[in-house]
Amino acid sequence: LLLIPVFISLLSGTLIRADEKRRRAQAQLQESREAAARVDGELDAARRIQMGMLPDPAAVLAAEPRAEAAALLESARAVGGDYYDVFLLDAEHLYFAIGDVSGKGVPASLFMAISKTLTGIVARRQLPLGEAVQLLERELSRENPSYLFVTTFIAILDLRDGTLQYVCAGHDAPCLRRGSELLRIDTETIAGPPLCALGDYPYEAGETCLQAGDLLCLFTDGVSEARRGDALYGRARLEEALAEIEISHLPAAVNRLRDHVRAFEAGEAPADDLTLLLLRWTGKNGQNVSAE
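Residues numbered from 1 in each chain as written. Predicted model: local features only at pLDDT ≥ 70, side-chain atom pairs only at ≥ 80, totals over all residues. Heavy atoms only, no water.

Enquirer: Tell me about the sheet that holds strand β4 (residues 150–158), residues and numbers included.
Expert: Hydrogen bonds between backbone groups are what pair the strands of a sheet, and the pairing can be parallel or antiparallel. Pairing is antiparallel across the open sheet formed by 5 strands, whose spatial order is β2-β3-β4-β5-β8. Each of the sheet's edge strands pairs with one partner strand only, and the pair in question is β2 (82–88) and β8 (206–209). Going across the sheet, the axis of each strand differs from the next one's by a mean of 15°, ignoring polarity. Sheet topology note: the strand β3 (residues 93–101)/β4 ladder contains 9 bridges and is antiparallel. Counted as the bridge partner of Ala97 is Ile154 from β4. With respect to the sheet, helix α3 (residues 105–124) is in contact with β2, β3 and β4, its orientation differing from that of β2 by roughly 20°. (Pairing = 2+ DSSP bridges. Helix = DSSP H or I, 4+ residues; strand = E, 2+ residues; numbered from the N terminus. Axes fitted to C-alpha atoms, helices over the stretch in contact; angles between N-to-C directions. Contact = heavy atoms within 4.5 Å.)

Enquirer: Any details on a nonpolar patch on the surface? Residues and values, ideally.
Expert: On the surface, a cluster of nonpolar side chains totalling about 340 Å² of accessible area is made up of Leu3, Phe7 and Leu10. Summarising the element assignment, Phe7 is placed in helix α1 (residues 4–52). (Patch = residues over 30% accessible without salt bridge, like charges linked within 9 Å, V, L, I, M, F, W, Y side chains within 5 Å. Areas by Shrake-Rupley, 256 points an atom, 1.4 Å probe, with all protein chains shown as cover. Salt bridge = Lys/Arg side-chain N within 4 Å of Asp/Glu carboxyl O.)

Enquirer: Quick rundown of the state of the cysteines? Include the residues and the values.
Expert: Taken as a whole, this structure holds 0 disulfides when the rule is applied. Residue Cys196 stays outside any disulfide, its sulfur separated by 15 Å from that of Cys168, the closest cysteine. Between Cys209, a free cysteine, and Cys175, which holds the nearest cysteine sulfur, the sulfur-to-sulfur gap is 19 Å. Take Cys209: its relative accessible area is 44%, and that puts it in the partly exposed class. (Disulfide = S-S within 2.5 Å. Buried < 20%, exposed > 50% of the residue type's maximum accessible area, 1.4 Å probe, protein only.)

Enquirer: Can you tell me about the packing of helix α6 (residues 234–244) against helix α7 (residues 250–265), naming the residues and giving the values?
Expert: Helix packing geometry: the angle between the two helix axes and the distance between the axes. Two numbers describe how α6 lies on α7: the axes approach to 10 Å, and their chain directions differ by 135°. Here α7 runs oblique to α6, going by the angle between their axes. Two packed elements cross with a definite hand, and for α6 against α7 that hand is right-handed. Counted together, Arg237, Leu238, Ala241 and Leu242 of α6 and Leu257, His260 and Phe264 of α7 form the full contact between these two elements. Here the residues of the contact of α6 with α7 sort into 5 nonpolar, 1 polar and 1 charged. (Parallel < 35°, antiparallel > 145°, perpendicular 65-115°, else oblique. Left-handed = near helix turned anticlockwise from the far one by under 90°. Nonpolar A, V, L, I, M, F, W, Y, C, P; charged D, E, K, R; others polar.)

Enquirer: Report on the sheet that holds strand β7 (residues 181–184), specifying residues and quantitative values.
Expert: The strand order across the open sheet built from 5 strands is β1-β12-β9-β6-β7, with neighbouring strands paired in antiparallel fashion. Here the strands that pair on one side only, and so sit at the sheet edges, are β1 (67–74) and β7. With direction set aside, neighbouring strand axes in the sheet form an average angle of 20°. In this structure, β1 lies alongside strand β12 (residues 274–281), joined through 8 bridges in antiparallel fashion. Its bridge partner being in β12, Leu72 is matched across the sheet by Leu276. Contacting β6 (175–178), β7, β9 (215–219) and β12, α6 crosses the sheet at an angle of about 25° to β6.

Enquirer: Lay out the pairing of strand β5 (residues 163–169) with the relevant residues and their values.
Expert: The two faces of a sheet get side chains in turn, since along a regular strand they alternate between them. Burial runs high along β5: 5 of the 7 residues are buried. Pairing geometry for β4 and β5, over 6 bridges, is antiparallel. What sits directly across from Ala155, in β5, is Tyr166. Counted along the chain from β4 to the antiparallel partner β5, the turn is 4 residues long, and its residue Gly162 has a positive phi close to 85°. By the bridge criterion, 4 bridges tie β5 to β8 in an arrangement that is antiparallel.

And the structure:
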């Protein structure tokens, strides 16, 4: 009986300490949840800003009957390192590009924003295209402490006659659908390394001439390197899909290509950002001769 008060006192102390620990744990959990919510909110804001930087090709070309385009970008994470761009340099020349920054997440997204912005600024200076890309590389390399690099395909289309000038910096060559034939833009003779990989590389521009109705398909490695187990989606599957889909309406066509890639992945989480850009030159008079 004499020990009962001692036991009660010890039990009370234990319960008090346990309650204090529980309260501290709850407070820490709440702080963690609030911190996670802040991070999620910041990432969501960053995603909105990043996606807001990408143009709507249909709006860009709404008043231009000689070309049409559609694009989509799906990041593997909240933010990513892919980008595309489409805009008119002047009344007769259409600029378009696609790029993929090394790495993923926030660092890649920041470098993506810088790369896309600088690429557009340099392109608007209307320098010879190879010289413009060399200038772009110098500017990107100026402040790059993380040693990130960018693969990109940059092109300028003369809307009057279909002449296409392009530079390839470590990027996959675009596919070209001409009627029922599948080709690719020849980049082997002029292709250089990714931007910021070697530094001040003397990039050269290639040139080809599109035919009325030609459809270009630009893509990042989130397409060609999409995985199902150990198997890669690959360029051959993309070309097969591009040859089979209906292309009269490009926004629907770009979605069908994306769906083809996702079906191959069979529900596996994407390992990389996926970007597709379809662009068609309809001819100097805006007559789409191969959209049937």
